[in-house]
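Observations on the three-dimensional arrangement
Given next are the chains, with one letter for each unit.
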Amino acid sequence: MQTKRDSNIVFWIGCLGAAGAEHVMRQFAMSRSSAYERLRSLTRDGLLEHHAVLYGRPGTYTATLSGLRWRNISHLGVCQVRPGGFEHAWQVAQAAVELAEAMPDWVVISERLLKSIESETGELFASAQVGKVASQVMLHRPDLVLTSRKGIVVPIEIELSTKSASRLQTICRGWARARHVNTVYYLAAPGPRGAVERAITAARATDRVRVLSLDDIPQLAGELYAIEDQLDEEDPRSAGREDENSSD
């Protein structure tokens, strides 16, 4: 019999795409033994599938079609984790967990969920327009999105390998024009970080796009909380609420 936590695990993995056991442990504050027990049970019941993708690396879990249907998110589709995309999928899950830990009052949205949101509304929420092919608008979606109670929308890019200079510049120009989002953050491995920084400069997007290391999520959180505090100070309604609270 599945529990409420089982339901939440399947929903979280289904929305994210793929995650390892250690990600589930951190996301749901579970012990190692409890996490593995629940993951084995969900796999046995056909709601999750375990993938040993690369030799010597931990396996990942994805939601099966039955699991997606159980949580009413079958429209997201079953995630396929191939060897070439394993490290990126793993790091995206790692970043999602660390962002949730560092910013518990913000919401972390996956690329899969973002695509669903934009398809349903017909409006851009956190994607960037990067060109047109014939009359078709080409979009670039970030790996993750952070949203706050103040309506701040922050795309998060996980950069583990170096894209071509032209491709990076096109994406950065798209982010520079994307006024429906706030600061864009690249969390980059040491190798591609320099290429991203050069692309940002070439696209004249230094005021819109920031580059940090993969382990700089605490710094990212501090910067975004500072922006949120500034918005609170600029909002006259928040000042009124503070006056009311002080008079209690």
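Rules behind the numbers
Residues numbered from 1 in each chain as written. Predicted model: local features only at pLDDT ≥ 70, side-chain atom pairs only at ≥ 80, totals over all residues. Heavy atoms only, no water. Salt bridge = Lys/Arg side-chain N within 4 Å of Asp/Glu carboxyl O. Helix = DSSP H or I, 4+ residues; strand = E, 2+ residues; numbered from the N terminus. Buried < 20%, exposed > 50% of the residue type's maximum accessible area, 1.4 Å probe, protein only. Axes fitted to C-alpha atoms, helices over the stretch in contact; angles between N-to-C directions. Parallel < 35°, antiparallel > 145°, perpendicular 65-115°, else oblique. Left-handed = near helix turned anticlockwise from the far one by under 90°. Contact = heavy atoms within 4.5 Å. Nonpolar A, V, L, I, M, F, W, Y, C, P; charged D, E, K, R; others polar. Pairing = 2+ DSSP bridges. Disulfide = S-S within 2.5 Å.

Per the stated rule, a full pass over the model turns up nine salt bridges. Two residues, Arg-38 and Asp-6, come together in a salt bridge whose shortest N-O distance is 2.6 Å. With Arg-38 in helix α3 (residues 32–44) and Asp-6 in helix α1 (residues 4–16), this residue pair connects regions lying 32 residues apart in the sequence. Exposure remark for Arg-38: the relative accessible area of 19% places this residue in the buried category. Exposure remark for Asp-6: the relative accessible area of 0% places this residue in the buried category. One continuous salt-bridge network, built from bridges that share partners, spans Arg-26, Glu-98 and Glu-101.

Let's shift gears to the packing of helix α7 (residues 165–177) against helix α8 (residues 190–202). Interaxial distance between α7 and α8 falls to 8 Å at its minimum, and their mutual angle equals 55°. Considered as vectors, α7 and α8 are oriented oblique to each other. In the crossing of α7 with α8, the sense of the turn from one axis to the other is right-handed. On α8, the residues touching Leu-168, Gln-169 and Cys-172 of α7 are Ala-195, Val-196, Ala-199, Ile-200 and Ala-202. The class makeup of the residues in the contact of α7 with α8 is seven nonpolar, one polar and no charged.

Moving on to the sheet that holds strand β3 (residues 107–110). Spatially, β3-β6-β7-β8-β9 is the arrangement adopted by the five strands of the open sheet, whose pairing is mixed. The sheet terminates laterally at β3 and β9 (209–213), the two strands that pair on one side only. Within this sheet the neighbouring strands show an average axis-to-axis angle of 25°, counted without direction. Inspection of the sheet shows strand β6 (residues 144–147) paired to strand β7 (residues 153–159) by four bridges, in the antiparallel sense. When the sheet's bridge partners are listed, Val-145 is paired in β7 with Pro-155. The sheet strands contacting helix α9 (residues 217–234) are β6, β7, β8 (184–188) and β9, and the helix crosses β8 at an angle near 170°.

Moving on, we come to the state of the cysteines. Within this structure, the stated rule accounts for zero disulfides. Summary of cysteine pairing: Cys-15 is not part of a disulfide, and the nearest cysteine sulfur, belonging to Cys-79, is at 12 Å. Exposure remark for Cys-15: the relative accessible area of 7% places this residue in the buried category.

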